[in-house]
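Here is what each chain is made of, one letter per residue.
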Amino acid sequence: MQHRASAMQITMDKEEKISSRCEPEVSRDNGKMITSFLPLISVLTLPRVPALDNMCTEIIRHILQFLDYRSKKMLRGVSSTLKNRVEGCGDKMVHYWRFSAKFTTDQLIKFADEVKTVIGFEVRDGTDDGVKYLVKKHPEILMFKLRRGEFGTMFQLGSEFTSNGLLQILQFCGSTLRSLDISVKNITGENLSEYKGTLPCLENLNMSYCYQLTDKGLLQILQFCGSTLRSLNLIETEITGENLSKYNGILPCLEILNMSYCTQLTNKGLLQILQLCGSTLRSLNLIETEITGENLSEYKGALPCLEILNMRYCKQLTDKGLLQILQLCGSTLRSLNLFETEITGENLSEYKGTLPCLENLNMFCCRHLTDKGLLQILQLCGSKLIFLDISETNITGEYLSEYKGTLPCLENLNMNYCRHLTDKGLLQILQLCGSTLRSLDIGCTNITGEYLSEYKGTLPCLEILNMRYCKHLTDRGLLQILQLCGSTLRSLNLLKTEITGENLSEYKGTLPCLENLNMSYCIHLTDKGLLQILQLCGSTLRSLNIVDTNITKNNLSEYSHLRVAS
């Protein structure tokens, strides 16, 4: 049988012809987090430390004891001299192999005999005799990945790899394996009760797209590796989670759990999973599941480390369920994705406390979100929020006059396609965040811009403004907007607006930072108006889009430095 892998190019080490680009997805080494090495390695690799090449060998050897494979790679990259010094201490590069050619069984066996070190490898068919020989020959393997064959934009899964094949591989290298990726459809996991031993080092387990994985099989797998597992990926499996109450113990190290598109996952199952790992979980991904969240009031304890929660497309999520979830993790949450859920936000006044760490909130296409609900949400998280997406909602913005305080950290605000947003509402929103805003998207709204003459102050940080398809935007409104942000604006999108540009001679000041200007499909734009705009722009303007306008271009000869699309 032949082996085919991705067509990825391999960079080979000159001394041993080993791959230096294929790295595992593990995040720890010898029980120490990679982040603990970064301050040390950043100092060691500073260009201003020329004496590093002459460092005492004993000191180098001592340092190497505290570095993971990535940090060692960085250290070796400082200079060829230091690379030789590191290897002189007996520390060669970790070796990860991806096969970029076809291998027969004999060739793979020969490869296994000749290569000195195989820390990790990727292969298509794990039941082949050559692969079994390779695994047996190299018990030092830390990462095994069974890749899906790629054909065009479609994926063809390894059809001959089964639970028996997985069992055989684990028999050979299970005691040292740190990362296991078996994204194939035939794995059930149920026969792993025959495996004698544990997976005492396994930290990363990816079983996404294992369509035949059963709850019983998952339970058996966790019995082997649950005590060390840090990352678990079960994307698009049929797991319900309901039998995990039978698991003996907890998952004391699990930090990342991805159950996106697990359409069979139940509220009861999620509760049982969280009972096992809730105390350490940092990232939870539940995209397009049937979770309502309403039974989480039964959860004993909190989710004291959870920072990232993704519930995109969770159509069954309720306001009550969201409230219960936030009661568990609100104090630590940094990113919350509620993209296209049915949330209104109106019952969050019942939430006890705040969301003091929340920086990213995505409520794109939450069509049931109300102005009152948005107000209640912002009352909880407004002090730290950096990114807010409420595009394609029915928000008017007018209710925010009742908001107490400001949004002092907000830098990115997306209100694209908010058809009910009013000029008054926009004014009230800008009163809350105008001093820090860097990017504002109000495309496809009914904004005229004329109400902004009442805005007190400027938008001193705004660099990106998107007003495409704002068909009610007037020349006067654009003038007032530029009075607020013209001095800092780098990108301005006015695609398909009714702008003529002819009143901009009234603008006091220039557009000294503008680099990109899109006025395509502005059928009312005149030559005179365009020239007035260009006269405001500084030498920084690089791109001008006037496709499908009535511009003659006769007067653009002096702007030859521009990249003009017309």
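**Overview of the overall build of the protein chain**
- For the protein chain, the count of helices and strands is 14 helices and 23 strands.
- Within the protein chain, buried positions represent 53% of all 566 residues.
- Long-range contacts, defined as pairs at least 24 residues apart, comprise 77% of the intrachain contacts of the protein chain with a sequence gap of at least 6.

**Section: the packing of aromatic side chains**
- Scanning the entire structure with this criterion turns up 4 aromatic pairs.
- Summarising the aromatic geometry, the rings of Tyr195 and Phe224 are spaced 5.1 Å apart at their centres and angled 90° between planes, so their arrangement reads as edge-to-face. Separated by 29 residues along the polypeptide, Tyr195 in the loop between strand S8 (179-182) and strand S9 (204-206) and Phe224 in helix H8 (residues 215-225) bring together distant segments of the chain.
- Residue Tyr195 is classed as buried on the basis of its relative accessible area, which comes to 7%.
- Ring-pair connections join several aromatic residues into one group, and the members of that group are Tyr313, Phe339 and Phe364.
- Directly above the ring of Phe339 sits Arg312, whose terminal nitrogen or CZ lies 3.8 Å from the centroid.
- Taking NZ or CZ as reference, Arg419 lies 4.3 Å from the ring centre of Tyr417, over its face.

**With respect to the pattern of salt bridges**
- In this structure the tally under the stated criterion is 10 salt bridges.
- Of the charged contacts, one joins Glu340 and Lys315 as a salt bridge, the two residues approaching to 3.1 Å between their closest N and O atoms. In this pair, Glu340 is assigned in the loop between strand S14 (335-337) and strand S15 (360-362) and Lys315 in the loop between strand S13 (308-310) and helix H10 (319-329), connecting sequence segments 25 residues apart.
- Residue Glu340 is classed as partly exposed on the basis of its relative accessible area of 22%.

**Here we look at unusual backbone geometry**
- One non-glycine residue, Lys496, lies in the positive phi region at around 55°.
- Within the fold, Lys496 resides in the loop between strand S20 (491-493) and strand S21 (516-518).
- Backbone geometry places Asp548, a non-glycine residue, at a positive phi of 55°.
- Inspection of the secondary structure puts Asp548 in the loop between strand S22 (543-545) and strand S23 (563-565).

**A closer look at the environment of Phe144**
- Topologically, Phe144 is positioned in strand S5 (residues 143-146).
- Relative accessible area serves as the criterion here: at 0%, Phe144 is assigned to the buried category.
- Along the primary structure Phe144 and Glu122 are separated by 22 residues, whereas in three dimensions their C-alpha atoms are 6.2 Å apart.

**Concerning the environment of Met519**
- For Met519, the location among the structural elements is in the loop between S21 and helix H14 (527-536).
- In this structure Met519 comes out as buried when scored by relative accessible area, which is 0%.

**Points about the confidence of the model for the protein chain**
- Residues with a pLDDT of 70 or more make up 83% of the protein chain, whose mean pLDDT is 83.
- Confidence drops under pLDDT 50 across residues 1-49; counting only partners more than four residues distant or on other chains, this segment forms 113 contacts.
- Counting contacts from residues 148-159, a segment whose pLDDT is below 50, to residues more than four positions away or on other chains yields 23 contacts.

**Quick notes on the pairing of S8**
- Residues of S8 alternate between two faces, with Ser179 and Asp181 on one and Leu180 and Ile182 on the opposite face, all of them buried.
- Where S8 meets S9, 3 bridges bridge the pair, whose relative direction is parallel. Counted as the bridge partner of Leu180 is Leu205 from S9.

**Describing a negative patch on the surface**
- Side chains of Glu236, Glu238, Glu288 and Glu290 sit close together on the surface and give a patch of like negative charge.
- Among the secondary structure elements, Glu290 is positioned in the loop between strand S12 (283-285) and S13.

**Quick notes on the side chain of Thr332**
- Within the secondary structure, Thr332 sits in the loop between H10 and S14.
- Since its relative accessible area comes to 18%, Thr332 is described here as buried.
- With residues up to four places along the chain from it excluded, the contact list for Thr332 reads Leu303, Pro304, Cys305, Leu306, Glu307 and Cys357.

**Quick word on helix H9 (residues 267-277)**
- With 9 of 11 residues buried, H9 lies mostly within the body of the structure.
- Those residues of H9 not exposed but buried are Asn267, Gly269, Leu270, Leu271, Gln272, Ile273, Leu274, Leu276 and Cys277.
- On the buried face of H9, the contacting elements are strand S11 (256-258) and S12.

Rules used in this analysis
Residues numbered from 1 in each chain as written. Predicted model: local features only at pLDDT ≥ 70, side-chain atom pairs only at ≥ 80, totals over all residues. Heavy atoms only, no water. Helix = DSSP H or I, 4+ residues; strand = E, 2+ residues; numbered from the N terminus. Buried < 20%, exposed > 50% of the residue type's maximum accessible area, 1.4 Å probe, protein only. Contact = heavy atoms within 4.5 Å. Phe/Tyr/Trp six-rings, centres within 6.5 Å; stacked < 30°, edge-to-face > 60°. Lys NZ or Arg CZ within 6 Å of the ring centre and 35° of its normal. Salt bridge = Lys/Arg side-chain N within 4 Å of Asp/Glu carboxyl O. pLDDT = per-residue confidence, 0-100. Pairing = 2+ DSSP bridges. Patch = residues over 30% accessible without salt bridge, like charges linked within 9 Å, V, L, I, M, F, W, Y side chains within 5 Å. Areas by Shrake-Rupley, 256 points an atom, 1.4 Å probe, with all protein chains shown as cover. Lys, Arg positive; Asp, Glu negative; His and termini not counted. Charge placed at Lys NZ, Arg CZ, Asp CG, Glu CD.

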